[in-house]
Amino acid sequence: MNIILLLSKLNYVRLLPLLIYYFYLKDEKRNVIIKDLERYGIYHKNLLLNKRFSLLFIKAINNHKEFRNLFFHRISYSHKVILSLFAKEYNSLHMTPFPKMKISPGGILFQHPFSTIINAASIGYGCVFRHNTTVGNVHENLDSVPTFLKNVNVGASCVIVGKIIIGNNVTIGAGTVLTKSVPDNCVVVGNPARIIKKDGERCNIKL
């Protein structure tokens with residue numbers, strides 16, 4: 001047997017405690033994780049080849065460290081401490097724990113999230129975050145954090161802070177600094193941020 005393939009198989013054995021834990025989750029909690037897996041499967045086409053969610057889960061945990069962070073966000077802190085002995089979190093991605101930050105099932109997908117901090121009030125279904133992005137509070141007001149509705153697409157190196165609401169179907173261009181709320185169906189870019197497209201029409205609206 002190819003040595004690389006053998007090592008890969010052994011690595012899956014190491015992750016068996018997480019798989020067993022996944023099987024013993026209550027249906028409500030497991031269904032949330034299934035929604036997360038479906039979302040990752042849509043983006044990472046190789047995961048879709050695994051129709052059984054047990055195999056999909058173990059492959060996602062093994063191959064996508066950022067998915068581990070999302071999985072650990074879904075479970076209790078004490079369980080996370082134990083399970084992280086078998087599969088460590090991705091240290092370059094910080095997510096504020098539940099219940100302070102609520103993420104809808106299938107609500108978050110990370111694309112190479114190096115040096116990324118996500119501290120939001122809530123995140124709706126279908127949101128995407130990229131590397132070098134900071135989402136968080138203003139000054140010392142820890143509750144002054146953004147709310148993301150559905151299908152928000154965040155580019156790389158963005159700063160999104162304050163008690164603001166990012167509407168449905170919003171795209172935030174790379175390098176944008178956003179401190180004000182954005183209505184639905186907009187494309188936002190720049191520092192200071194401005195809307196360059198709204199409801200499919202070109203515009204130039206300062207926020």
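Heads up: these notes are all about the structure in this document. (Residues numbered from 1 in each chain as written. Predicted model: local features only at pLDDT ≥ 70, side-chain atom pairs only at ≥ 80, totals over all residues. Heavy atoms only, no water.)

**Some thoughts on the packing of aromatic side chains**
Part 1: Within this structure, the stated rule accounts for 8 aromatic pairs.
Part 2: A ring pair is formed by Tyr 21 and Phe 71, whose centres lie 6.2 Å apart and whose planes are at 85°; its orientation type is edge-to-face. Of the two residues, Tyr 21 sits in helix H2 (residues 16-24) while Phe 71 sits in helix H6 (residues 65-74), which places them 50 residues apart along the sequence. When sorted by exposure, Tyr 21 lands in the same class as Phe 71, which is buried. (Phe/Tyr/Trp six-rings, centres within 6.5 Å; stacked < 30°, edge-to-face > 60°. Helix = DSSP H or I, 4+ residues; strand = E, 2+ residues; numbered from the N terminus. Buried < 20%, exposed > 50% of the residue type's maximum accessible area, 1.4 Å probe, protein only.)

**Looking at H6**
The periodicity of an α-helix, 3.6 residues per turn, causes residues three or four positions apart to be oriented the same way.
Part 1: The buried fraction of H6 amounts to 9 of the 10 residues, a majority that puts the element mostly inside the structure.
Part 2: Three or more residues of H6 are buried, namely Glu 66, Phe 67, Arg 68, Asn 69, Leu 70, Phe 71, Phe 72, His 73 and Arg 74.

**Points about the sheet that holds strand E11 (residues 165-166)**
Part 1: Read from one edge to the other, the open sheet built from 4 strands follows the order E2-E5-E8-E11, with strand pairing classed as parallel. Of all strands in the sheet, those with a lone pairing partner are strand E2 (102-103) and E11, marking the two edges.
Part 2: Summarising the sheet, strand E8 (residues 147-148) and E11 pair through 2 bridges and their orientation is parallel. Within E11, the position partnered with Thr 147 by the bridge is Ile 165. (Pairing = 2+ DSSP bridges.)

**Structural notes on the side chain of Asp 36**
Part 1: With respect to the helices and strands, the residue Asp 36 is situated in helix H3 (residues 27-43).
Part 2: Classification of Asp 36 by relative accessible area gives buried; the value is 2%.
Part 3: Not counting chain neighbours up to four residues away, the residues in contact with Asp 36 comprise Phe 67, Leu 70, Arg 74, Ser 104, Pro 105, Gly 106 and Gly 107. (Contact = heavy atoms within 4.5 Å.)

**Re the packing of H3 against H6**
Part 1: Here H3 crosses H6 at 160°, and the two axes come no closer than 10 Å. One finds that H3 runs roughly antiparallel with respect to H6. Between H3 and H6 lies a crossing of right-handed hand. Facing H3, whose interface residues are Lys 29, Val 32, Ile 33, Asp 36, Leu 37 and Tyr 40, H6 presents Glu 66, Phe 67, Leu 70, Phe 71 and Arg 74. (Axes fitted to C-alpha atoms, helices over the stretch in contact; angles between N-to-C directions. Parallel < 35°, antiparallel > 145°, perpendicular 65-115°, else oblique. Left-handed = near helix turned anticlockwise from the far one by under 90°.)

**Describing the pairing of strand E6 (residues 127-130)**
Part 1: Neither face of E6 is left uncovered, since the one carrying Cys 127 and Phe 129 and the one carrying Val 128 and Arg 130 both have all their residues buried.
Part 2: Where strand E3 (residues 108-111) lies against E6, 4 bridges are found, and the strand directions are parallel. Its bridge partner being in E6, Leu 109 is matched across the sheet by Val 128.

**Some points on the sheet that holds strand E7 (residues 134-136)**
Part 1: Here 5 strands make up an open sheet; going across it, the order is E1-E4-E7-E10-E13 and the pairing parallel. The sheet is open, and its two borders are formed by strand E1 (93-95) and strand E13 (177-178), each paired with just one other strand.
Part 2: Here 2 bridges tie strand E10 (residues 159-161) to E13, and the two strands are oriented parallel to one another. Bridge pairing in E13 links Val 159 to Val 177.

**Section: the nonpolar core**
Part 1: In this structure, Phe 57, Phe 71, Ile 123, Phe 129, Phe 148, Ile 160 and Ile 166 are the most contacted members of the largest nonpolar core, which totals 51 residues.
Part 2: Secondary structure elements with two or more residues in this core: H2, H3, helix H5 (53-63), H6, E1, E3, E6 and strand E14 (186-189).
Part 3: The biggest single contributor to this core is H5, with 5 residues.
Part 4: Contact partners of Ile 123, with chain neighbours within four places excluded, come to Met 101, Lys 102, Ile 103, Ser 104, Gly 107, Ile 108, Ile 118, Phe 129 and Phe 148. (Core = buried A, V, L, I, M, F, W, Y, C linked by side-chain atoms within 4.5 Å.)

**Some words on the pairing of E14**
Part 1: Burial along E14 is one-sided: the face carrying Cys 186 and Val 188 is buried and the face carrying Val 187 and Val 189 is not.
Part 2: Pairing of strand E12 (residues 171-172) with E14, which is carried by 2 bridges, proceeds in the parallel orientation. Each residue of the ladder has a partner; that of Ile 172, found in E14, is Val 188.
Part 3: In this antiparallel pair of consecutive strands, E14 and strand E15 (residues 194-198), the connection spans 4 residues, and Gly 190 shows a positive phi of 95°.

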